[in-house]
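Structure assessment
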Amino acid sequence: MTAAPPRPTQGAVPRVSWRHEIGREVGNPGRSRVTHEPLIDDGPWGGVPLGGLGSGSIGRTPRGDFARWHLEAGRNRFESIPACQFSVFVDDGVRSGAHVLSTIRPATLTSWNWDLPAGAGTYHGLFPSAWFDYDWEELPVRLTQRQSSPVIPGSYRESSYPVGLFEWTIGNPGPHAITVGLMFSWQNLVGRWANADRRGGHSNRTVRRDGMTGVVLTGPAAEAGEPWAGSFAIAAPNEPDVHLSVRDRFDVDDGRDVWTDFAADGRLDDFLDPSPSRPGEAIGAALAATVELAPGERRTVSFALAWDFPVVQFGGGRRWARRYTRWFGTTGTAAWEIAAEGLARRHGWQAAIDAWQAPVLADPDRPEWYKAALFNELYYLVDGGTMWADHEVGRARSGEIGPFALLECFDYPFYNTLDVYFYASFALALLWPELAKRVARDFVATVEVDDPEVVPVYATGGRAVRKVPGALPHDVGGPADDPFVKLNHYHLQDVNGWKDLNSKFVLLVWQAVSLLGDEELGVAAWPAVVLALRHLAAFDRDGDGLPEHDGVPDQTYDTWPMLGPSAYGGSLWIAALRAGIAMGERAGDEGTVRWLRDVLERARPAFERKLWTGSYYLYDAGGGPSGDSIMADQLAGQWWADATGLGEVAPEEHVRRALRVIFERNVLGFGDGGMGAVNGMRPDGTVDASSEQSQEVWTGTTFALAAFMVHRGLLPEAWATAAGVDRVLEERGYRFRTPEAYDVRGNFRATMYLRPLAIWAIEHALGRPHG
């Protein structure tokens, strides 16, 4: 729900955010539109994740439960764990009671008081923070919690930390003094997703040092070398008039003892039992903070959750140390130290987050929905199976920023899918430019790779070599294999003949040069750029300057065939030629520049002659079933040229006319006109039904189209186009799991997807990059 602004509260909730009643069901959640294969559907309970870039993440839902677990790079787990929870005790002198602050009703811990009703307050999401603002007549106290992690643009240290911070604001609105206790409980989950959490040998240990009180939760010492080995910590700062108490062991299946203890007076009896768990037993720990409030008084109480799982091991066996280990080591025992730094620096981190977001949130020219969506789509940088390595285990650490990669999605588990990352790249370029440069450098290193391994091509039943020199890879690998070493984990199509990957690579290098000022990268990448351009130029079989498609899905729309020259591939190629000329001039390569100019002089008139209809550009000129369809993404190359200062791909009047036709047909003519841009429309106003993908709205390409419209001064059309996506996300319960695609009914394909980060291309187009 997003309609009304939030009521004033004692806790500082944001004026602009995504808002949803705590625990309220989504009325008509979307479901998978794909019947031929199972797709992940975690339901409409996405929330702002905790954690940093590449640290592993933990998702907490608007119900108040911790449920999305991305602690293993590349693997999605959605499981509500009841023992991981906040609870509250209140005694106002007339009555007292304890309540779990979640609307779930679990089958375990039945002695705990799970009575919080749906609608007992409002959840606010504004990544990297979320707020729970409770409003329930059973609580004679005002409670607001802000949770956050230090994901701060331009920070290449703190943004990698595996830590979540929880600041509670407690207010006493009544005429009598009250006692309030907050309990943070946590299950020892070390090894859970390796089925090792009940093997025995897990320990919880109370710690009182560094100005904090809390518990460190560890796994069996004998299995410290396992890739899942590590630790959790829950902690709170020692502060005046805040009583901290601990129970460092309870049975998470029953939990009667810890609940009875807490519900008596809002404190715990400091029950300390560091002995290891027995086989078959799962244990938890709890930390309580208790305060006395006079009438009208308000206090803040803080907690931290940290975890340290320092090593990522992929299917090929190679191990990488995560980025944050540069400061905390690779022993897996640093959760306490991470929590300590988090609590010590929490106010500065929150101030930095607020200062970053403030100019956007205060701008009256940006729609309110966009402000919230802009920041919330960044969830994927943390929650996207993110891999950010410091170094390969067993090798020396370098001074460089290590490899960084995001999954295309968990259904299509490929790291840094080039054709998709192309759209998403503006988020990194604007906010963490050094990461954008690193991704570009990693692609530069792939161009010459020759991998003759024969692999299946699932779409045709044929076979192909894995990677030929000169062809850009689809991806840098998958978590089941050996990312950054074994390329092209994708095998649906033979990507060696794709017509968009090489152009997009050249344009990403140009983005680093033109927007990020990395002239050194442009020079170093020049041989790879030339090889990529010459490889793609070889697909120009008639000498008109345009590469021809081969009647198969040989580009990012990988179930939607193209034949002959296409508007999509052709516009990207012309933009890449312009980028190549600009970089070649910098490199002083006069011969290659002359060749590129010659190709460009042939390609541009051929593009107009073969593809321009008088009102839009043809899908392709090969006479296929979609040949004269109106493609929403037909001028992707001109969008990129506008964004990076490359100049004209197509004549200005043609571009403006095509954008208006796309808006009229693909946006206003699809569904009820408020769902974003459908990929393909026929000239007669019907949806192109020739393929699965032609009938879909792609969230990321719709955002890119809106950015293109902004560049061309079509602001009302841009906002209307992008707002359609936001509306579907809201109505169908897709927040914090934005899908790649949905159909006219709003049903999805591939949730938690990379391409929607293209919303940051809109921000770039508005001319005010932030970071």
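Scroll up to find the structure.
Per chain, the residues get numbers from 1 upward, laid out in the order the sequence is written. For a predicted model such as this one, the threshold for reporting local features is a pLDDT of at least 70, and the threshold for listing and counting side-chain atom pairs is 80 or more; totals across whole chains, interfaces and linings nevertheless cover every residue. The basis for every side-chain value is the complete set of non-hydrogen atoms in the structure, without hydrogens or water.

We now examine the pairing of strand S23 (residues 451–457). Here, a strand pair is defined by DSSP locating no fewer than two bridges between the strands. Here a strand is any run of E in DSSP of at least two residues, a helix any run of H or I of at least four, and the numbering for each starts at the N terminus. In the sheet, S23 pairs with strand S24 (residues 462–467) via five bridges, with the strands oriented antiparallel. Residue pairing across strands places Val454 opposite Val465, the latter belonging to S24. Two successive antiparallel strands, S23 and S24, enclose a turn made up of four residues, where Gly461 displays a positive phi of approximately 80 degrees.

The buried label goes to any residue with under 20% of its type's maximum accessible area, the exposed label to any with over 50%, and the partly exposed label to all in between, with areas taken from a 1.4 Å probe on protein chains only. Most of strand S12 (residues 178–187) sits inside the fold, with ten of its ten residues counted as buried. Side chains of S12 alternate between two faces, with Ile178, Val180, Leu182, Phe184 and Trp186 and Thr179, Gly181, Met183, Ser185 and Gln187 buried alike. Pairing of strand S6 (residues 85–91) with S12 involves seven bridges; the strand directions are antiparallel. Bridged to Ser87 within S12 is Met183. Where S12 meets strand S17 (residues 283–293), ten bridges bridge the pair, whose relative direction is antiparallel. Across the sheet, Met183 pairs through a bridge with Ala288, a residue of S17.

Turning our eyes to something else, we now look at the nonpolar core. Among buried residues, the Ala, Val, Leu, Ile, Met, Phe, Trp, Tyr and Cys ones that are joined through side-chain atoms within 4.5 Å form a nonpolar core. In terms of nonpolar packing, the biggest core is built from 249 residues, with Trp168, Trp186, Phe232, Phe303, Phe505 and Trp760 touching the most fellow members. Setting aside its immediate chain neighbours within four residues, Trp186 contacts Ile58, Phe66, Trp69, Ala83, Cys84, Leu217, Phe232, Ile234, Gly284, Ala285 and Leu305. Two residues qualify as a contact provided that any one of their heavy atoms is within 4.5 Å of a heavy atom in the partner residue.

Relative to the 18 Å expected for 13 residues at 1.5 Å per residue, helix H14 (residues 699–711) spans 19 Å between its end C-alpha atoms, a close match to the ideal helical length. The buried fraction of H14 amounts to twelve of the 13 residues, a majority that puts the element mostly inside the structure. Within H14, burial applies to Thr699, Gly700, Thr701, Thr702, Phe703, Ala704, Leu705, Ala706, Ala707, Phe708, Met709 and Val710. Just downstream of H14, Gly713 is the residue with a positive phi angle, here 80 degrees. One less than the number of residues in a helix, times 1.5 Å, gives the span that helix is expected to have.

The strand order across the open sheet formed by four strands is S19-S20-S21-S22, and the pairing between neighbours is antiparallel. With one partner strand each, in any of the chains shown, strand S19 (311–313) and strand S22 (404–405) form the two edges of the open sheet. With two bridges joining them, strand S21 (residues 387–392) and S22 adopt antiparallel strand pairing. Note on S22: the bridge partner recorded for Met387 is Ala405.

Once that is clear, we can look at unusual backbone geometry. The linkage connecting Phe127 with the following residue, Pro128, adopts the cis geometry, with an omega of 10 degrees. One can find Pro128 in the loop between strand S8 (121–126) and strand S9 (129–134). With a phi angle near 60 degrees, Asn488 is a residue other than glycine that sits in the positive phi range.

Looking now at the packing of helix H3 (residues 335–362) against helix H4 (residues 368–376). Packed helices, taken two at a time, are described by the angle their axes make and the gap between the axes. Between the N-to-C directions of two axes lies an angle of 0 to 180 degrees, each axis being a line fitted to C-alpha atoms and, for a helix, fitted only over the stretch in contact. Look at H3 against H4: their axes get within 9 Å of each other, and the N-to-C directions meet at 150 degrees. Put simply, H3 runs roughly antiparallel to H4. Like other packed secondary-structure pairs, H3 and H4 cross with a definite hand, here right-handed. Residues Trp356, Gln357, Val360, Leu361 and Ala362 of H3 form the contact with H4, whose participating residues are Lys371, Leu374 and Phe375. Taken together, the residues of the contact of H3 with H4 break down into six nonpolar, one polar and one charged. The scheme is simple: roughly parallel for angles under 35 degrees, roughly antiparallel for over 145, roughly perpendicular for 65 to 115, oblique for anything else. Each crossing gets its handedness from the near helix: less than a right angle anticlockwise from the far helix is left-handed, clockwise is right-handed. The classification used treats Ala, Val, Leu, Ile, Met, Phe, Trp, Tyr, Cys and Pro as nonpolar, Asp, Glu, Lys and Arg as charged, and all other residues, Gly among them, as polar.

Note that Asp419 resides in helix H6 (residues 418–431). The charged side chain of Asp419 is buried without a salt bridge, its nearest counter-charge being Arg755 at 4.8 Å. Asp419 has contacts with His474, Trp498, Asp500, Leu501, Lys504, Thr556 and Arg755, leaving out every residue within four places of it along the chain. Residues scored as charged are limited to Lys and Arg (positive) and Asp and Glu (negative), so that His and the chain ends carry no count. A side-chain nitrogen of Lys or Arg and a carboxyl oxygen of Asp or Glu constitute a salt bridge if their distance falls within 4 Å.

With that settled, the discussion passes to helix H1 (residues 256–265). By the burial criterion, the buried members of H1 are Val258, Trp259, Asp261 and Phe262. Along the long axis of H1, the arc covered by the buried residues comes to 160 degrees, so they all point the same way. Projecting away from the buried face of H1 at angles above 90 degrees are the exposed residues Thr260 and Ala264. Against the buried residues of H1 lie S6, strand S7 (96–100), S12, strand S16 (243–251) and S17. Just downstream of H1, Gly266 is the residue with a positive phi angle, here 80 degrees. The arc refers to the directions leading from the helix axis to the C-beta atoms.

On to the sheet that holds strand S31 (residues 748–749). Spatial strand order, S29-S30-S31: three strands in an open sheet with antiparallel pairing. Here the strands that pair on one side only, and so sit at the sheet edges, are strand S29 (697–698) and S31. Two strands pair when backbone bridges link them, and strand S30 (residues 741–742) and S31 are joined in this way by two bridges, in the antiparallel orientation. Paired with Ala741 across the two strands is Arg749, which belongs to S31.

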